[in-house]
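Listed below, chain by chain, are the residues.
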Protein chains: 2
Amino acid sequence: MEQQLNENHQKVPSLVAENHQQKKKGIVENDRIISISVVDQKMISKGPFNNFTTPNKDCIETILHEYEKTLSHRSRYHLGYPVNLSKGNYANLDPLMSFHINNCGDPFTDPHWGFNSRQFELGVLDWFAQIWEINKDDYWAYITNGGTEGNFHGLWIGFVTSSRELLGDGILYASQDTHYSVFKIAKLYRMEYVVVESSINGEMDYEDFRRKLLLNKDKPAIVVANIGTTFKGAIDDLDLIIEILHECGFSNKRFYIHCDAALLGLMLPFNKHAPKISFKKPIGSISVSGHKFLGCPMPCGIQMTRKSYIDLISQDVEVIYSKDATISGSRNGHAAIYLWHNLSIKGKIGLEKDSQKCLENASYFEGLIKGEGIVCFRNEWSLVVVFERPKDDEIIHQWQLSCEGDLAHIVVLPNVTQEKLTEFFHQLISGRTSRTNMTQSS
Amino acid sequence: MEQQLNENHQKVPSLVAENHQQKKKGIVENDRIISISVVDQKMISKGPFNNFTTPNKDCIETILHEYEKTLSHRSRYHLGYPVNLSKGNYANLDPLMSFHINNCGDPFTDPHWGFNSRQFELGVLDWFAQIWEINKDDYWAYITNGGTEGNFHGLWIGFVTSSRELLGDGILYASQDTHYSVFKIAKLYRMEYVVVESSINGEMDYEDFRRKLLLNKDKPAIVVANIGTTFKGAIDDLDLIIEILHECGFSNKRFYIHCDAALLGLMLPFNKHAPKISFKKPIGSISVSGHKFLGCPMPCGIQMTRKSYIDLISQDVEVIYSKDATISGSRNGHAAIYLWHNLSIKGKIGLEKDSQKCLENASYFEGLIKGEGIVCFRNEWSLVVVFERPKDDEIIHQWQLSCEGDLAHIVVLPNVTQEKLTEFFHQLISGRTSRTNMTQSS
C-alpha cells in the first residue's frame, strides 16, 4: 500500500526521490517513516572546531538546509507534545533577528538601553490583563522563557506573600499530576510541600486536598491549580479549590493560588462556557506559555500577578538587587515581538476560531478511536486525547507520541487537522489489526 | 558644528531628512541625538486588541519597520552594556524562525520529539568543553537563557554537592561586586550567604575572604568567582581563591567554585597570557553568556559542570521529575543554532582577533581619556573602561552608558570601533569644556 505522506494526502516527490539515498541517514518514507535525523552529527560538531581563517560557509549552508528539511518533516508528523507547530509566516520579523534585543529586568521601568522591545511587551501584557480580567493599574507581569519560569515566579511570590501574613512559612499543595517543574522548584526553594492525590481523570482529588489542608490549618497554603495538566489535560476546579480553602478556615489572606495554565490559559477565555480563569477570583498568579496554543517559535510565556505583591517584593529588591523582580534578568526581546505579532494577526476572533476548531478536532479523533473500541478519554474543554499506549514503538516514535505507563496521548493543537488525525488513526488501527492477525495465526 | 552621524562618519541622509518630522517622536539628530523611541506605544498596544476578522497587516508592517529603524539607531549609539551589538548576517537562519524549536530537558538524552536542535547544542557544548579543558566524557552542560540561569544552576549544584560531603549546608561566599542575580538566587534557595568585601578595582578582597572563611570552617564553602564583574570588569584571582581555601583547611571536596564568566568566559581563552579558566583546576562550574562577547540575538549562555555532579542530582531527579537537570525545562532551540552558527563563522581565529582588537580599542580609549586628565581605570584583560560619570545626563542617555554612583563605564565589544570611541570622546570632552566655560563665565 502506498503511504500518504503529507498533510494534504499528496505524495512529497522530493522526499520520495531521496528515499533510497537517505535510507541510511534517516527520514525514510515508504511503508513507515523513520525519524532519525538526516543531519550528520559529526559534520555539525566540526563547525565550531573549524580553525581555518575563513569559515566553510558552504558546509554551514548545507547543514542548515538539511536540518530545515528534517525539522519540516518532523514538525509535520507530530502529535504528542503541547506545541502548536503551525509553520509561522514571519518574513516581516526576519530583519529583527539581526539585532540583539533584550528586555532585562522590570518591563514597567524604562531602561537605559535602547535595544529592548519593552513597548511590544507592554502591549502583550495589557492584552492578557484584559482577558484575565484585571485592571491595568492592578497587575504586574512579564514575558518569561516559558511555563517553568512562570512557576518559578509564582511560587516565589506565593511563598513571600503567604509567609508575610503569619509567622511561619506556607506549605505548597499540588496534585500528583502537576508539572514536574513545580516539585523541582519546591525543592530548590526548600519549601515544605504536600502532594495531593489525583482522580483518575488527572484532576485534583478535592477530598484529599481538604484532608491535607486540615492537617496543616496553622500554616498558610500555596496552591498550584492546574489549568490543563501535562499528561491528561485535566482542569482543576478553581472555584471548588477556593471553596474548600474557605471551608477549612483559610481566609483569602492566608492562601495564594498560582494557576499553571501553560496550555489552556490562552484557550479557555475564548469559550464562553468554559471554566473561568480570572483575577476577579482570589488567585495570586497565572502563567501561560506562548509557544503552546499560540505557536511562537521560541519557548516563552506570560507570568501575571497582582501589583501589590510585587510592591512587597520590591522593598526587598531595592537594597540588594535594584528593580529586578523577574527570575531570569536578561530576557528575550524577540519573544515579546513574536507574541505581539501572533496576537495581532489572530486577534480574539482568530483565537476563538482556533479554540473551537481544536475542540471539534479532538472530539472527532475521540469518536474515531472509541468507535474501534479502544480505551480513550478526554477531559471537558481539553485538547488532550488519552488512549491505550500502542504496542508498536515505531508508531510512537513516528508520531512523536507522549506516553506514561500504559497510556499515550496526543494534543490537538491548531496545526493538527482532521486529515492528519485520520492518517494517524488508520495507521494506529492497521498496526492493531496486523498484530491481532499475527496473534490469531500463531 | 555639524554632527557626524554614523560609524563611518558620514551623514545619514534619511535620518537628517526625517529630522523635523521626527522631532516630536524621537531619534532627532542635529546637535544632539535624542533617544526616545519613534514607535508610538498606543499604536503598538492596539495591535493585539484588534478585533476585526482580518488583521491590519499594513499597520503591523509599519510598526515593525519603524521599530527596526529605532533599533538600528539605538544599537549604533550604544557603549554602556556588555552586549556585542554587531549586526548579524543571519539570512541562512531566517527560514528556521518559522519553526518552533525546543531543546526541553537534558541535551544528552535523545528526546522523543523531532523539533529540537540538540545536535547543534552538542556541537556547541563540545567546543566549550575543549576551550575550558575538560574531557568530553567528564562534563555535563546545557545552553541556558543567559548568565542568570547559569548562576541558578551553578548554585544549585554547588549547594547539593557541597552539602553532601558534610552534614550541614554549605555557605555561599561572593564579593559585593558580584552580579545581583547571585544574591537573589541565594535568597530564593534560602542559602546562608556571606558578602565578601571588594577592593577598589572591583576584585574580591582576598584577606576579607580568608577572615570570613575562617569564621565558618565547619561548613562547606560555595564560592562565586567573578570572571569579569558587571560594573568594573574585575577578574577574581581563581588560583588565589583556591590557595586561600586550601590554606584555611578546605579540601577540594569541601568547596565548590562557580565561575561567573558571563562576559569574559569567551575571551580569556583566546589570550595566551590571560588568567586561565579551566576545569583542570578544582572548580565546579563555569557559566558564560552567548549574547555578550559573541553577540547572539537572544540572551543565551552555556552552563558547564562536571558530569559526576549531575549524576548525583539525577538520582533525585528520577523519582520526582524524570531526567531534567536544567533550570528552565523547555529551552530555546534557536539559541543553540545561533551559537553554533556564530562559533562556526568565527572559529577560534576569529575570536582571537576579536579579543585582541577589543583590548586594543579599550586601551586606545583609556589613553584618550587619561590624556584629558579624566579619572579613569581599566582592569587587566578587561574590556570595561570605568571613568568619572559625565555631569551631562544627555550624553549618558544618548550613548546608553551604565552608571554606578560617581562612575560610568563603557564596554568595548567587537562592534565598538575606534571611530565610535573617538566620536564619543569628542562629545564627552566638548560637554566638559562647555561646562567649564560656563562655570568660569558665571
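Residues numbered from 1 in each chain as written. Chains lettered and ligands numbered in written order. Predicted model: local features only at pLDDT ≥ 70, side-chain atom pairs only at ≥ 80, totals over all residues. Heavy atoms only, no water.

1. A look at the overall build of chain A
- Helix and strand counts for chain A come out as 13 helices and 13 strands.
- Going through the 442 residues of chain A one by one, you find that 63% of them count as buried.
- Residue pairs in contact within chain A that sit at least 24 positions apart in sequence constitute 69% of those at least 6 positions apart.
- In the structure as shown, chain A presents an accessible area of about 17100 Å², 51% of it carried by carbon and sulfur atoms. (Helix = DSSP H or I, 4+ residues; strand = E, 2+ residues; numbered from the N terminus. Buried < 20%, exposed > 50% of the residue type's maximum accessible area, 1.4 Å probe, protein only. Contact = heavy atoms within 4.5 Å. Areas by Shrake-Rupley, 256 points an atom, 1.4 Å probe, with all protein chains shown as cover.)

2. Quick look at the relation of the copies chain B and chain A
- When chain B is fitted to chain A, the residual RMSD is 0.0 Å, and the transformation amounts to a turn of 180° plus an axial shift of 0.0 Å. Here the symmetry operator amounts to a two-fold rotation axis. Relative to the rotation axis, the C-alpha of B:Tyr189 is the closest in chain B, positioned 2.2 Å from it.
- In this assembly the copies share their binding face: 100% of the residues contributing to the interface of chain B also contribute to that of chain A. (Least-squares fit on C-alpha atoms with pLDDT ≥ 70 in both.)

3. As for the nonpolar core
- Counting residues in each nonpolar core, the largest one holds 180 residues, and the members touching the most others are A:Phe128, A:Ile257, B:Phe128 and B:Ile257.
- Look past the residues within four positions of A:Phe128 in its chain and what remains in contact with it is A:Leu266, A:Val288, A:Ile302, A:Met304 and A:Leu343.
- Membership of the second largest hydrophobic core comes to 48 residues, among which are A:Phe159, A:Ile222, A:Ile310 and B:Ile310. (Core = buried A, V, L, I, M, F, W, Y, C linked by side-chain atoms within 4.5 Å.)

4. A look at the sheet that holds strand S12 (residues 402-404) of chain B
Residue and element names in this part refer to chain B.
- Here four strands make up an open sheet; going across it, the order is S10-S11-S13-S12 and the pairing antiparallel. On the outer flanks of this sheet lie strand S10 (376-377) and S12, each paired with one strand and no other.
- Against the sheet, helix H11 (residues 333-371) contacts S10, strand S11 (384-388) and strand S13 (407-411), and its axis sits at roughly 15° relative to S11. (Pairing = 2+ DSSP bridges. Axes fitted to C-alpha atoms, helices over the stretch in contact; angles between N-to-C directions.)

5. Observations regarding the packing of aromatic side chains
- For the structure shown, the criterion picks out 41 aromatic pairs over all chains.
- In this structure, A:Arg254 packs its charged tip against the face of A:Phe250, placed 4.9 Å from the ring centre. (Phe/Tyr/Trp six-rings, centres within 6.5 Å; stacked < 30°, edge-to-face > 60°. Lys NZ or Arg CZ within 6 Å of the ring centre and 35° of its normal.)

6. A closer look at the sheet that holds strand S6 (residues 221-226) of chain B
Residues and elements named next belong to chain B.
- The strand order across the open sheet built from seven strands is S3-S9-S8-S7-S6-S4-S5, with neighbouring strands paired in mixed fashion. Because the sheet does not close on itself, it has two edges, and the strands there are strand S3 (139-144) and strand S5 (192-196). Within this sheet the neighbouring strands show an average axis-to-axis angle of 15°, counted without direction.
- When strand S4 (residues 171-175) meets S6, the two strands line up parallel, connected through three bridges. When the bridges of S6 are listed, Tyr173 appears paired with Val223.
- Against the sheet, helix H8 (residues 206-215) engages S4, S5 and S6, with an angle of about 150° to S5.

7. Considering the UniProt feature "modified residue: N6-(pyridoxal phosphate)lysine" (unreviewed entry) in chain A
Residues and elements named next belong to chain A.
- The UniProt entry lists Lys292 under the feature "modified residue: N6-(pyridoxal phosphate)lysine" (unreviewed entry), expressed in the numbering used here.
- Turning to its location among the elements, Lys292 is positioned in the loop between strand S8 (285-289) and strand S9 (301-306).
- Using a relative accessible area of 16% as the deciding quantity, one classes Lys292 as buried.
- In contact with Lys292, not counting residues within four places along its chain, are Pro82, Val83, Asn84, Ala262, Leu263 and Leu413. (UniProt positions renumbered as here; feature names shortened; annotations may be inferred.)

8. Overview of the side chain of B:His341
- On the secondary structure map, B:His341 appears in helix H11.
- In this structure, B:His341 is in contact with A:Ile60, A:Leu64, B:Asn89, B:Tyr90 and B:Leu93, ignoring residues within four places of it in sequence.

9. Looking at the domain arrangement of chain A
All names here are of chain A.
- You can read the domains of chain A as domain 1 (2-76), domain 2 (95-344) and domain 3 (348-441).
- Between the C-alpha centres of domain 2 and domain 3 there is a distance of 30 Å.
- For the pair domain 2 and domain 3, the two sides together bury roughly 1900 Å², of which 70% comes from carbon and sulfur.
- Remark: the boundary between domain 2 and domain 3 carries zero salt bridges.
- Counting the contacts that link domain 2 with domain 3 gives six residue pairs in polar contact (both at pLDDT 80 or more).
- The class makeup of the residues in the side of domain 2 that touches domain 3 is 17 nonpolar, six polar and two charged. (Domains from an automatic or database assignment. Buried area = accessible area lost by both parts, 1.4 Å probe. Salt bridge = Lys/Arg side-chain N within 4 Å of Asp/Glu carboxyl O. Polar contact = N/O pair within 3.5 Å; in protein donor to acceptor, adjacent residues only side chain to side chain. Nonpolar A, V, L, I, M, F, W, Y, C, P; charged D, E, K, R; others polar.)

10. Quick notes on the interface of chain B and chain A
- Contacts between the two partners involve 104 residues from chain B and, on the opposite side, 104 residues from chain A.
- The interface formed by chain B and chain A includes two salt bridges.
- The tally of links between chain B and chain A comes to 26 residue pairs in polar contact (both at pLDDT 80 or more).
- Counting residues per element, the ones that place at least two in the side of chain B that touches chain A are helix H3 (41-49), helix H4 (57-76), helix H5 (118-131), helix H6 (147-165), helix H7 (180-188), helix H10 (307-321), H11 and helix H12 (393-398) of chain B.
- When grouped by side-chain class, the residues that make up the side of chain B that touches chain A number 51 nonpolar, 37 polar and 16 charged.

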